[in-house]
Amino acid sequence: MAMPGKGFRASIGAALTVLALYAGLIVSLFWFLDPATLRETLFSERTAFSIRLSLLAATVATLLALLLAIPAAYALSRYRFWGREAAETVLEFPIIVSPAALGAIILIFFNNPLGEWIQENTIYFVFGFAGIVLAQFITVLGLAVRMLKAAFDEVPVELETVARTLGASPRHGFFTVTLPLARNGLIAAFILTWAKALGEFGATLMVAGSMAMRTETLPIAIFLKLSSADIEGTVALILVLVAIGLTALFAARRILGRSVHA
Amino acid sequence: MLELETLSARAGGFRLDGVSLTVGAGECHAVLGPSGSGKSTLLAAVLGTLPVSSGHVRLAGQDITRLPVEHRHLGYVPQQLGLFPHLSVRDNVRYSARARRVPEAEYRPLLDRLTEITGIGALLDRRVSTLSGGERQRVALVRALAANPRLVLLDEPFTALNESLRRELWWLMKDLQRERGLTVLLVTHDLTEAYFLADHITVLIDGRQEQSGAKATVYRRPASEPVARFLGLKNLYPARRLEAGIVDCPALGGRLAASGDAAGDGETLLAIRAEHVALRQPDDPPRDGETRLTGRFEAVLDLGEAALLHFRADSGALLEVRCGSRVLRKYGWQAGSPGTVGLPAADLFILRR
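Residues numbered from 1 in each chain as written. Chains lettered and ligands numbered in written order. Predicted model: local features only at pLDDT ≥ 70, side-chain atom pairs only at ≥ 80, totals over all residues. Heavy atoms only, no water.

Caption draft 1: Spotlight on a nonpolar patch on the surface. Residues and elements named next belong to chain A. Judged by side-chain polarity, Ile26, Val27, Phe30, Leu192, Leu246 and Leu249 come together as a nonpolar surface patch covering roughly 500 Å² of accessible area. Elements with a contribution of two residues or more to the nonpolar patch: α1 (6-28) and α14 (231-261). Tracing the sequence through the fold places Leu249 in helix α14. (Patch = residues over 30% accessible without salt bridge, like charges linked within 9 Å, V, L, I, M, F, W, Y side chains within 5 Å. Areas by Shrake-Rupley, 256 points an atom, 1.4 Å probe, with all protein chains shown as cover. Salt bridge = Lys/Arg side-chain N within 4 Å of Asp/Glu carboxyl O. Helix = DSSP H or I, 4+ residues; strand = E, 2+ residues; numbered from the N terminus.)

The structure is reproduced here in structure tokens:
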């Protein structure tokens with residue numbers, strides 16, 4: 001690779017500054033790290049509950065989001081239809097509206113007649129596991145659709161046309177050509193959506209509350225620890241969340257890197 | 001075999017307007033036109049990826065206008081070839097058999113034969129990304145033909161190749177067409193490619209079918225000014241038809257004999273192809289039906305196997321003349337040399353403005 005010119009060396013400096021900023025913040029946690037508290041927090045039943053709840057809720061929310069996002073992203077990528085532009089714009093909704101406001105909207109919805117009917121006749125969402133999943137689902141859905149649409153956009157439509165001239169139905173063409181070629185985007189969408197759901201706080205707090213050993217996801221647990229001025233305990237939980245998130249991202253890079261270079 | 005009946009279709013703001021053509025069984029028909037002329041729209045309508053607004057597409061007598069793509073039994077080779085990059089060459093060429101659930105015993109003999117003719121046997125276990133341009137072209141052809149299609153659609157598949165590889169693949173396509181009796185609809189902007197591969201040519205310009213016919217007719221007698229200009233004809237001069245076979249063309253010296261009466265009365269254009277303008281010596285005896293013009297060569301360009309000359313007649317008309325390089329070298333014409341050219345009446349023709 002060619003050496004960058006003088007002007008572009010500044011851009012490398014900027015990239016290293018970004019790394020230093022985040023790494024510095026994480027390293028600064030160690031100032032308050034107490035090995036005994038870390039051990040105690042890591043092996044406590046409450047932390048184990050938070051980890052289990054976070055992993056389960058994030059996984060269910062991500063799978064549900066992908067179930068809806070895959071066909072929606074495909075339609076947005078391939079078809080021109082009434083309401084398409086509005087649908088694309090709405091994908092930004094969870095980004096421009098803060099998660100807390102999004103959670104409040106969900107909570108308000110369950111206080112109107114339709115929301116009440118849903119809660120009474122289907123699943124009770126507010127202050128329960130279903131509420132956590134719903135809050136995370138609503139928060140990550142837009143991101144999942146946007147990432148998957150980008151993945152489908154990368155697959156030339158012409159390949160689907162060729163598959164159809166070769167006798168494949170649209171469904172067969174989708175599963176044998178489009179989906180395998182969008183595989184990397186699909187994996188990346190799953191992992192990033194899952195990581196975002198795992199770290200979701202604002203909407204979860206609004207919809208499910210912050211009840212210890214009930215709706216206490218890892219971010220809620222961090223919030224509760226900090227509220228009780230337990231800095232060492234907070235640091236221990238943050239490190240757990242960071243470790244899970246970084247492991248997921250590292251795994252994603254390995255998987256994507258391997259399939260790209262296969 | 002393939003019959004398009006007043007086919008119209010819309011693609012965005014573009015409209016393809018009432019195209020009618022017939023491709024006989026075992027024939028190759030080229031649809032020729034500049035960028036934005038409607039070639040791709042026509043192809044998409046035949047493929048079935050673009051809804052037809054009016055007219056019909058018939059294949060072997062069956063109306064397929066509303067038939068889904070996968071039920072049309074077409075072989076399609078697009079410009080970018082459309083090879084599936086996640087599959088091996090072997091899986092690419094047997095994709096059709098698998099999609100249609102054809103038992104291996106049924107498709108194997110044809111696939112083996114195609115593999116043999118095109119010489120891709122050694123490539124079967126390779127990934128598409130490792131193939132050269134020519135190899136990719138061969139694989140795309142085999143994949144399209146392995147489906148035993150009723151009609152093969154070629155969308156400028158040889159455009160990206162260098163000249164010698166292009167010619168090699170044209171010959172291969174010819175061989176395949178002859179051996180398999182293929183019916184082919186070729187879309188291209190390249191006249192040489194169309195002339196090499198096709199029996200008949202349709203010229204599309206701005207979504208309209210300007211001319212259809214045997215390739216020699218379309219090449220030698222373009223029916224209108226847009227077709228003539230697209231086919232690279234530079235020698236076009238305003239003229240007025242006086243009577244059958246006679247026009248008045250001031251630029252070429254006045255009253256002249258010409259063919260192409262179908263153009264009708266009144267204002268018209270007189271044309272002659274560059275290679276039909278005869279280079280003469282001043283003392284050459286006059287020939288029957290030939291108009292002689294004197295003037296000077298303004299530019300002389302040796303292209304290797306041929307030469308292009310710009311000749312300014314004393315009347316002020318500029319003519320493009322094409323001759324063999326050996327002729328140029330023999331007579332030694334240069335820019336500024338005086339010269340004489342002959343315009344045979346048989347090669348002068350009238351066309352629509």
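Caption draft 2: Spatial organisation of the packing of aromatic side chains. Evaluation of the coordinates by the stated rule reveals 15 aromatic pairs over all chains. A ring pair is formed by Phe110 of chain A and Phe125 of chain A, whose centres lie 5.2 Å apart and whose planes are at 20°; its orientation type is stacked. On the criterion of sequence distance, the pair formed by Phe110 of chain A in the loop between α6 (99-109) and α7 (113-121) and Phe125 of chain A in the loop between α7 and α8 (129-153) is long-range, its members being 15 residues apart. Phe125 of chain A shares its class with Phe110 of chain A; the two are buried. Relative to Phe175 of chain A, the ring of Phe174 of chain A lies with its centre 5.2 Å away and its plane at 85°, an arrangement referred to as edge-to-face. Look at Phe174 of chain A and you get buried, because its relative accessible area is 14%. When its relative accessible area of 47% is taken as the criterion, Phe175 of chain A is described as partly exposed. Above the plane of the ring of Tyr195 of chain B lies Lys215 of chain B, whose end atom (NZ or CZ) is 5.1 Å from the centre. For the cation-ring pair, Arg273 of chain B lies above Tyr219 of chain B, with the distance from its terminal atom to the ring centre recorded as 3.9 Å. (Phe/Tyr/Trp six-rings, centres within 6.5 Å; stacked < 30°, edge-to-face > 60°. Buried < 20%, exposed > 50% of the residue type's maximum accessible area, 1.4 Å probe, protein only. Lys NZ or Arg CZ within 6 Å of the ring centre and 35° of its normal.)

Caption draft 3: Broad picture of unusual backbone geometry. Residue Met213 of chain A is not a glycine yet carries a positive backbone phi of 60°. Considering the arrangement of structural elements, one finds Met213 of chain A in the loop between α12 (202-208) and α13 (218-227). Take Met213 of chain A: its relative accessible area is 38%, and that puts it in the partly exposed class. Its identity is not glycine, yet Arg101 of chain B carries a phi of approximately 55°, on the positive side. Counting through the fold element by element, Arg101 of chain B comes out in the loop between α3 (95-99) and α4 (104-118).

All we've got here are geometric facts, nothing functional implied.
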